[in-house]
Amino acid sequence: MAEIIVVTSGKGGVGKTTTSAALSMGLAQAGKKTVVIDFDIGLRNLDLIMNCERRVVFDFVNVIQGDSNLSQALIKDKRCENLYILPASQTRDKDALTIEGVEKILNELSDSFDYIICDSPAGIEHGAQMALYFADTAIVVTNPEVSSVRDSDRILGILQSKSRRAEAGIEPVKEKLLLTRYNPTRVEKGEMLSVDDVLEILAIPLLGVIPEDESVLKSSNEGKPVILEEKSLAGQSYSDSVQRFLGAELEHRFLDGEKKGFLKRVFGG
């Protein structure tokens, strides 16, 4: 049986799809057969980051509505044989997702995959609730800003009360925090919340801290998960996060600001 992982947040623009792409690629590279599903019906961004938009013929909604079978809609990643993508529809309404339809697809995927990653829309609208409902594990993505953290706290409340596990009264959804766009220099200036501030508010285990890094945008524009940029800070941080997810104990890196040398302290810069 596959483990179902939802990548979620209360606020848009925090890096959920970037995270879904990086984690799914990292798990696949670690030898885990992984499928990543785009639940953002109507927008469909995951296929762009995964560089497979031209290969989309059938999508998630087509499978739910019986217009195609799952094997017709799944796209195999060209860079990693263990990774598959199930794209969202750009033309359908979010209400096209139904509990019964989503459950049928997840059950079918569970027979042949180790991990199913659900790239959720932001907030609590219908597509997001569909992604949250079936989760075994939730990776809550947030920026170190008060509004983003507050909205993520609301998502935690939904996970604890409206998930399938909560309804069945069984072991709750495992919650993990991924803090993105972290800038230690701005934290020191009081312009951002610190890691400890965010942990104090959300009180869930920290999976990873992804530093603010221009390579994230560059990779997205190139259709490449940033975890493949092995020399970038973000790529290294996502790689660490995947290893932690799989059980490794690693210290968190890139949490401190750059230490200025003598010449920089004297002359600035």
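Bear in mind that the values here come from a model prediction, so they are computed numbers and not experimental data.

### Description of the pairing of strand E7 (residues 174-182)
In step 1: When strand E6 (residues 137-142) meets E7, the two strands line up parallel, connected through six bridges. Across the sheet, Ala 138 pairs through a bridge with Glu 175, a residue of E7.
In step 2: The pairing of E7 with strand E8 (residues 206-211) spans four bridges and is parallel. Directly across from Tyr 182, in E8, lies its bridge partner Pro 211.

### Some remarks on the sheet that holds strand E1 (residues 3-8)
In step 1: Read across the sheet, eight strands follow the order E3-E4-E2-E5-E1-E6-E7-E8 without closing on themselves; strand pairing throughout is mixed. Among the strands making up the open sheet, the edge pair consists of strand E3 (75-76) and E8.
In step 2: Two elements, E1 and strand E5 (residues 115-119), share five bridges in a ladder whose sense is parallel. When the bridges of E5 are listed, Glu 3 appears paired with Tyr 115.

### Overview of the nonpolar core
Among soluble globular proteins, nonpolar side chains are generally buried collectively.
In step 1: Among the nonpolar cores identified, the biggest contains 51 residues, and Phe 39, Phe 60, Leu 97, Val 102, Leu 109 and Ile 116 are the most heavily contacted of them.
In step 2: The greatest single-element share of this core, amounting to five residues, is contributed by helix H7 (residues 146-162).
In step 3: In this structure Val 102 touches Phe 39, Phe 60, Ile 64, Leu 97, Met 130 and Phe 134, once residues within four positions along its chain are discounted.
In step 4: In terms of nonpolar packing, the next biggest core, distinct from the first, is built from 32 residues, Ile 75, Tyr 115, Leu 207 and Ala 234 among them.

### Details of helix H10 (residues 195-202)
In step 1: Within H10 the residues assigned to the buried category are Val 195, Val 198 and Leu 202. Taken end-on, H10 shows its buried residues confined to a sector of 70°, consistent with a single buried face. Away from its buried face by more than 90 degrees, H10 exposes Asp 196 and Glu 200.
In step 2: Against E6, H7, E7 and E8 lie the buried residues of H10.

### Things to note about the environment of Glu 125
In step 1: Within the fold, Glu 125 resides in the loop between E5 and helix H6 (126-133).
In step 2: Owing to a relative accessible area of 26%, Glu 125 belongs among the partly exposed residues under this scheme.
In step 3: Along the primary structure Glu 125 and Asp 197 are separated by 72 residues, whereas in three dimensions their C-alpha atoms are 28 Å apart.

### Focus on the state of the cysteines
Between two cysteines, a covalent bond joining their sulfur atoms is known as a disulfide.
In step 1: Following the criterion strictly, the structure yields zero disulfides and no others.
In step 2: Counting only cysteine sulfurs, Cys 80 is the nearest neighbor of Cys 52, a cysteine outside any disulfide, at a range of 14 Å.

### Focus on the packing of aromatic side chains
In step 1: Counted by the stated rule, this structure contains four aromatic pairs.
In step 2: Between Tyr 133 and Phe 134, the ring centres sit 4.9 Å apart and the planes meet at 90°, which makes this aromatic pair edge-to-face. This pair shows no difference in class: Tyr 133 is buried, exactly as Phe 134 is.
In step 3: For Lys 33, the ring lying beneath its charged end belongs to Phe 113, and the centroid distance is 5.0 Å.

### Let's talk about the layout of surface pockets
Any empty space left between the atoms is revealed when a probe the size of a water molecule rolls over them.
In step 1: Considered as a void within the structure, the largest pocket measures approximately 560 Å³ in volume.
In step 2: Looking at the largest pocket, it is lined by 29 residues, and the ones nearest its centre are Gly 13, Val 14, Gly 15, Thr 18 and Arg 181.
In step 3: Of all the secondary structure elements, the ones that give two or more residues to the lining of the largest pocket are helix H1 (16-29), helix H2 (46-49), E7, E8 and helix H11 (214-222).
In step 4: With five residues, H11 is the largest single contributor of residues to the lining of the largest pocket.
In step 5: When its residues are assigned to classes, the lining of the largest pocket shows 11 nonpolar, 10 polar and eight charged.

Conventions used here
Residues numbered from 1 in each chain as written. Predicted model: local features only at pLDDT ≥ 70, side-chain atom pairs only at ≥ 80, totals over all residues. Heavy atoms only, no water. Pairing = 2+ DSSP bridges. Helix = DSSP H or I, 4+ residues; strand = E, 2+ residues; numbered from the N terminus. Core = buried A, V, L, I, M, F, W, Y, C linked by side-chain atoms within 4.5 Å. Buried < 20%, exposed > 50% of the residue type's maximum accessible area, 1.4 Å probe, protein only. Contact = heavy atoms within 4.5 Å. Arc of directions from axis to C-beta. Disulfide = S-S within 2.5 Å. Phe/Tyr/Trp six-rings, centres within 6.5 Å; stacked < 30°, edge-to-face > 60°. Lys NZ or Arg CZ within 6 Å of the ring centre and 35° of its normal. 1 Å grid on protein atoms, 1.4 Å probe; cavity = no way out; pocket = protein on both sides within 12 Å on 5 of 7 lines; lining within 4 Å. Points joined across faces, edges and corners; volume = space filled by probe spheres on them. Nonpolar A, V, L, I, M, F, W, Y, C, P; charged D, E, K, R; others polar.

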